[in-house]
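Structural overview
Residues per chain, in single letters:
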Amino acid sequence: MARKLTPEEQPWCLDRVTKQVLINKGLENVCMDKSTICFIDGFHSKLYYRGYSIEDLARNSTYEEVVYLILHDKLPTKRELSDFSGWMREERDIPGQVVELLRKIPKDIEPMEILRTAVSYLGNLDPGRYDMSRDGMYRKTIRLISKMPSIVAYWHRIKNGLDLVEPDPRLSHAENFLYMLHGKRQEELLNRAMDVSMILYAEHEMNASAFTAVVIASTLSDYYSAIVGAIGALRGPLHGYANVEAMRQFDEIGSPENVDSWYRENILTGKKRVMGAGHRVYKSYDPRAKIFREYAKIFAEKYGGKVKNYYDIAYRLETLVMAQLCEPKNICTNCDFWAGICYYAMGIPIDLYCAVFAAARTVGWSAHIIEYTADNRILRPRLYYDGEVDKEFVPIDRR
Ligand SMILES: CC(C)(COP(=O)(O)OP(=O)(O)OC[C@H]1O[C@@H](n2cnc3c(N)ncnc32)[C@H](O)[C@@H]1OP(=O)(O)O)[C@@H](O)C(=O)NCCC(=O)NCCS
């Protein structure tokens, strides 16, 4: 006789104290391991990488230094940073086979899919791809972090029929990326803003993409598969792609005067969500959004035109979100709300924004893979079975 299971028959799903079925939908507030990489205090707008506040890092550090910090759990000396940056500069080239592959891919493919394919192919070409030792993964991490911006820049130029620009070893990571993208060096303010954006995007604890990476690595699969999986997870509009969707939302709104009516028609009716707002962990203002917003303001004042229009739309929309969604639901704007306006001011096409995010985030994914697999246990949650068991199997000709 078909029957449903009682909760007592699935004791792993019961709360130890109340003995009620406990389902953490979306794995909310589930703590899966210890870590020393990142701490988010979502109630007090605080974010730390290895104990250093994001404000201090954004103000005083560089992306290369932050990468070193995240991977080594200490700030580098001058000598260490110079050697480390030198290593990153040497690794920026991408193999000719990958460039050939990029040339063959149809031009309408979305940049995150390009990144996913190119990283997977880089793995195919790496003779040490199965090496899951700490040193092996560390070396792969440096290589991949260094090459990701080159892939994004090459794709942009190939797609637009432009000549490829070789990496310039005299330039910093951020500066070189903008140089390879645009074919000429950019002004200091833009280079610094790109550097800061990469710092802000470098790491963010056990979010969906980091979790995907760690799940894959925990099966002792391989480093590249883990990163490819993470790129796939980041690509969703509820995660990293929100920085693209936020810009499309500003485009749909069109002008600051339309914000209120758009909000009434789409948000108050529940037809849409504000893209670049809300967060599983932040129940207060995202500290990264504050820094991106400061840069967006500087760019709006300096460049005017479309940048200012985006800024003015965003400013009004944020005012509505903070007044109407922050109090009842703890929904504030997040970093993806403001990041795109900064990238737009840097002349980067909107569809590339999530790929820039991914290039910066590879260090965080890698740090979690390395940390978790050092004391590995395969990740394997359970589900509460809500169906029936002992159903009668009816032969096909009698159904
Ligand atoms: C980030 C996000 C996926 C977190 O989701 P979550 O923690 O699972 O939160 P939920 O989807 O359960 O939402 C909780 C409530 O807030 C509302 N909400 C969440 N984000 C919202 C948004 N951006 N705009 C409007 N309402 C939102 C939901 O409708 C829900 O309301 P309800 O309780 O009345 O049903 C979600 O906030 C979102 O979709 N944001 C937009 C995409 C985005 O910016 N992503 C980047 C995150 S850095």
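What you see is a predicted model, and the numbers here were worked out from it, not measured in a lab.

For the protein chain, the count of helices and strands is 17 helices and five strands. Here the C-alpha atoms of the protein chain give a radius of gyration of 23 Å, agreeing with the 21 Å that 2.2 N^0.38 yields for 399 residues. Principal-axis analysis of the C-alpha atoms gives the protein chain an extent of 75 × 55 × 50 Å.

Core analysis: the largest hydrophobic core is formed by 117 residues, its most contacted members being Ile-227 and Cys-342. Per element, the largest residue contribution to this core is 14 residues, and it comes from helix H17 (residues 353–374). The residue makeup of this core includes at least three contributed by each of domain 1 (55–236 + 361–371) and domain 2 (242–345). Non-local contacts of Ile-227, meaning those with residues more than four positions away in its chain, are made with Val-119, Leu-144, Ala-213, Thr-362 and Trp-365.

Not every one of the 17 residues close to the ligand is listed here, only the nearest: Ala-242, Arg-273, Ala-277, Gly-278 and Arg-280. For the shell around the ligand, the class distribution of residues is seven nonpolar, six polar and four charged.

Turning our eyes to something else, we now look at the pairing of strand E2 (residues 38–41). Here E2 shows a clear split, with Cys-38 and Ile-40 buried on one side and none of Phe-39 and Asp-41 buried on the other. Sheet topology places E2 next to strand E3 (residues 46–49); four bridges connect them, and they run antiparallel. What sits directly across from Cys-38, in E3, is Tyr-49. Counted along the chain from E2 to the antiparallel partner E3, the turn is four residues long, and its residue Ser-45 has a positive phi close to 55°.

Reading across the sheet, the three strands line up as E2-E3-E4 and stay open at both edges, with antiparallel pairing between neighbours. Only two strands of the sheet have a single partner each, and these edge strands are E2 and strand E4 (52–53). With two bridges joining them, E3 and E4 adopt antiparallel strand pairing. Residue pairing in the sheet places Tyr-49 in a bridge with Tyr-52 of E4.

Between its first and last C-alpha atoms helix H13 (residues 287–303) spans 25 Å; for 17 residues at 1.5 Å apiece the expected length is 24 Å, and the two agree. Inspection of H13 places Pro-287, Arg-288, Ala-289, Ile-291, Phe-292, Arg-293, Tyr-295, Ala-296, Phe-299 and Ala-300 among the buried residues, and these make up the whole buried set. Just downstream of H13, Gly-304 is the residue with a positive phi angle, here 60°.

A separate point is the environment of His-156. By the element assignment, His-156 lies in helix H6 (residues 134–159). Between the C-alpha atom of His-156 and that of Leu-181, which follows or precedes it by 25 residues, the distance is 6.9 Å. Excluding residues within four positions of it along the chain, His-156 makes contact with Leu-181 and Leu-352.

The next subject is the domain arrangement of the protein chain. Taken domain by domain, the protein chain holds domain 1 (55–236 + 361–371) and domain 2 (242–345). In this complex, domain 1 contributes six residues to the contact, which on the side of domain 2 involves eight residues. Broken down by secondary-structure element, the contributors of at least two residues to the side of domain 1 that touches domain 2 are helix H1 (54–60) and helix H8 (188–201). With four residues, the single largest contributor to the side of domain 1 that touches domain 2 is H8. Across the side of domain 1 that touches domain 2, the residue classes tally to four nonpolar, one polar and one charged.

A positive phi angle is found at Asp-73, which is not glycine, with a value near 60°. The partly exposed category is assigned to Asp-73, around which 14 C-beta atoms lie within 10 Å. For Asn-330, which is not glycine, the phi dihedral falls at a positive 60°. Tracing the backbone through its elements, the reader meets Asn-330 in the loop between helix H15 (326–329) and helix H16 (335–345). For Asn-330, a count of 14 C-beta atoms within 10 Å corresponds to the partly exposed category.

Further remarks concern the packing of helix H2 (residues 63–72) against helix H3 (residues 78–90). Packing of H2 against H3 leaves a shortest axis separation of 10 Å and a crossing angle of 100°. Of the possible angle classes, the one that applies to H2 and H3 is roughly perpendicular. Where H2 approaches H3, its residues Glu-64, Glu-65 and Tyr-68 are matched on the opposing element by Glu-80, Leu-81, Phe-84, Ser-85 and Met-88. Its residues assigned to classes, the contact of H2 with H3 shows four nonpolar, one polar and three charged.

Here Tyr-179 shows up in helix H7 (residues 173–182). Each C-alpha atom, one on Tyr-179 and one on Tyr-241, is 24 Å from the other, the two residues being 62 residues apart in sequence.

Turning our eyes to something else, we now look at the environment of Phe-337. Mapped onto the secondary structure, Phe-337 falls in helix H16. Judged by the 29 C-beta atoms lying within 10 Å of it, Phe-337 is buried. A sequence separation of 60 residues divides Phe-337 from Ala-277, and the C-alpha atoms of the two residues are 6.7 Å apart. In this view, Phe-337 contacts Ala-246, Gly-276, Ala-277, Ala-289, Ala-314 and Glu-318; residues no more than four positions away in its chain are not counted.

Reading guide: rules and limits
Residues numbered from 1 in each chain as written. Predicted model: local features only at pLDDT ≥ 70, side-chain atom pairs only at ≥ 80, totals over all residues. Helix = DSSP H or I, 4+ residues; strand = E, 2+ residues; numbered from the N terminus. Rg over C-alpha atoms; globule rule 2.2 N^0.38 Å. Core = buried A, V, L, I, M, F, W, Y, C linked by C-beta atoms within 7 Å. Buried ≥ 20, exposed ≤ 12 C-beta atoms within 10 Å, placed from the backbone. Domains from an automatic or database assignment. Contact = placed C-beta atoms within 7 Å. Near = placed C-beta within 6 Å. Nonpolar A, V, L, I, M, F, W, Y, C, P; charged D, E, K, R; others polar. Pairing = 2+ DSSP bridges. Expected span 1.5 Å × (residues − 1). Axes fitted to C-alpha atoms, helices over the stretch in contact; angles between N-to-C directions. Parallel < 35°, antiparallel > 145°, perpendicular 65-115°, else oblique.

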